[in-house]
Amino acid sequence: MENFDLEPLIRPNIRALHPYSSARDEFTGDEGIFLDANENPFGQKNRYPDPHQRLLKKALSVRKHIPVENIFIGNGSDEAIDLIYRIFCEPQQDRVIICPPTYGMYEVSANINNVEVLRVPLTDQFELDIDKILSLQAQCIFVCSPNNPTGNSLQNVERLLQKFRGIVVVDEAYIDFSADNSFLEKLPDYPNLIVMQTFSKAWGLAGARVGVAYASADIITLMDKTKPPYNVSALNQEEALKALSNPLEFERQLSIILEQRTLLEKELKELSLVHHVYPSDANFLLVEVTDANKIYQHLVNKKVIIRNRNSVVRNCLRITVGTPEENRMLINELKNYNGEWRIINY
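Here's what I pulled together on the structure shown here. (Residues numbered from 1 in each chain as written. Predicted model: local features only at pLDDT ≥ 70, side-chain atom pairs only at ≥ 80, totals over all residues. Heavy atoms only, no water.)

When helices and strands are tallied, the protein shows twelve helices and eleven strands. In terms of overall size, the protein behaves like a compact globule, its C-alpha atoms giving a radius of gyration of 22 Å where 346 residues would be expected to give roughly 20 Å. Expressed along its principal axes, the backbone C-alpha trace of the protein runs to roughly 70 × 55 × 35 Å. A buried classification covers 51% of the 346 residues belonging to the protein. Carbon and sulfur atoms form 49% of the exposed surface of the protein, whose accessible area is close to 17,000 Å². (Helix = DSSP H or I, 4+ residues; strand = E, 2+ residues; numbered from the N terminus. Rg over C-alpha atoms; globule rule 2.2 N^0.38 Å. Buried < 20%, exposed > 50% of the residue type's maximum accessible area, 1.4 Å probe, protein only. Areas by Shrake-Rupley, 256 points an atom, 1.4 Å probe, with all protein chains shown as cover.)

Attention now goes to the side chain of Lys64. Tracing the backbone shows Lys64 in helix 3 (residues 54–64). In this structure the side chain of Lys64 is engaged in a polar contact, spanning 2.9 Å, whose partner is the side chain of Gln197. Those residues within four positions of Lys64 in sequence are excluded, and the remaining contacts are Leu184, Gln197 and Tyr214. (Polar contact = N/O pair within 3.5 Å; in protein donor to acceptor, adjacent residues only side chain to side chain. Contact = heavy atoms within 4.5 Å.)

To continue, consider the nonpolar core. One finds Leu128, Phe199 and Leu268 to be the most contacted residues of the largest nonpolar core, which totals 74 residues. Setting aside its immediate chain neighbours within four residues, Phe199 contacts Leu56, Leu60, Gly204, Leu205, Ala206, Val210, Val212, Ala240 and Leu244. Listed in part, the 33 residues of the second largest apolar core include Ile14, Ile98, Phe142 and Cys144. (Core = buried A, V, L, I, M, F, W, Y, C linked by side-chain atoms within 4.5 Å.)

Right, let's get into the sheet that holds strand 9 (residues 284–289). Pairing in this open sheet of four strands is antiparallel, and the strands run 8-9-11-10 from one edge to the other. In this open sheet, the two edge strands, each paired with only one partner strand, are strand 8 (274–277) and strand 10 (307–308). In the packing of helix 10 (residues 247–269) onto the sheet, the strands contacted are strand 8, strand 9 and strand 11 (316–320), and the crossing angle to strand 9 comes to about 5°. (Pairing = 2+ DSSP bridges. Axes fitted to C-alpha atoms, helices over the stretch in contact; angles between N-to-C directions.)

Glancing now at the packing of helix 11 (residues 292–301) against helix 12 (residues 324–337). At a closest axis distance of 10 Å, the pairing of helix 11 and helix 12 adopts a crossing angle of 120°. What the angle tells us is that helix 11 and helix 12 run oblique. Crossing geometry of helix 11 relative to helix 12 is assigned as right-handed. Here helix 11 contributes Lys294, Ile295, His298 and Leu299 to the contact with helix 12, which in turn contributes Leu330, Glu333, Leu334 and Tyr337. Along the lines of polarity and charge, the residues of the contact of helix 11 with helix 12 split into five nonpolar, one polar and two charged. (Parallel < 35°, antiparallel > 145°, perpendicular 65-115°, else oblique. Left-handed = near helix turned anticlockwise from the far one by under 90°. Nonpolar A, V, L, I, M, F, W, Y, C, P; charged D, E, K, R; others polar.)

Turning our eyes to something else, we now look at the pairing of strand 9. Across the six residues that make up strand 9, a large majority, five, are buried. The hairpin turn running from strand 8 into strand 9, its antiparallel successor, is six residues long. Pairing geometry for strand 9 and strand 11, over five bridges, is antiparallel. Bridge pairing in strand 11 places Val287 opposite Leu317.

Right, dumping it as structure tokens:
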């Protein structure tokens, strides 16, 4: 995007903000007698973590082929979402666009930050309504691709990037399950682009709360100076580094999930209670059924927990792809609901 000026989008108080300087900002060495941060001298985790997550950023830089200065590490992607509002959206003044059905935290975080939400629903094909979006004035827009809960990769995001004059946040939490290319390769072309990814899904670290944002060096600098100093614990950084050091295990688990997604889709389509299984580029399937509320409750009673999305997509259930055994139990319980019970072996 030519002639893009980031400065007018930044809140004046953030532009003028002097970030907190921690003890680890002033001294970054690993050896010495540390009497500078009021830490307890005893224990295994008594020292504050690296506030800039240098080792983790270096490892991500190698894997993603993205310079370190273009990487932000957060306490889950939710922290990155909140920081985007804090940096670019003036409370009670600016507006943000979301495209439902989509990840609910975009709107919750807007409400927390007192930012008006403009909703531009996805089309019947679950694609962005670009013309409607461009008819509105907003500071930023959040889009999820592959989208949650529909599962599809959005096909017209680049047109949005070419035309939208605010910040475009592309949430790629599920990108590892998709055959489509990541928008990381578009970062040099669009200085208003922020790409979010996470260790919670394909990397299996939802409990560690490690989210990542990739953007221009200018945007990353703003996020780094606005975040709390020690926002990602040493324990969580270590878990993410451990996962990155074992790419073969990552690929093994990913291949199982993708294979199971195909098998699960096939079995679901054979059930009479299923009207439609939407194509998915994620680790879940959106399934239209005869009666979402009743089927959901039946599964809960059998201790098979899925997500009832009837409130956002009529009569639809969102089913996460589990292990082969978990998927077998799910299908058998759905068959039992309709009196079609038979043993399924994966």
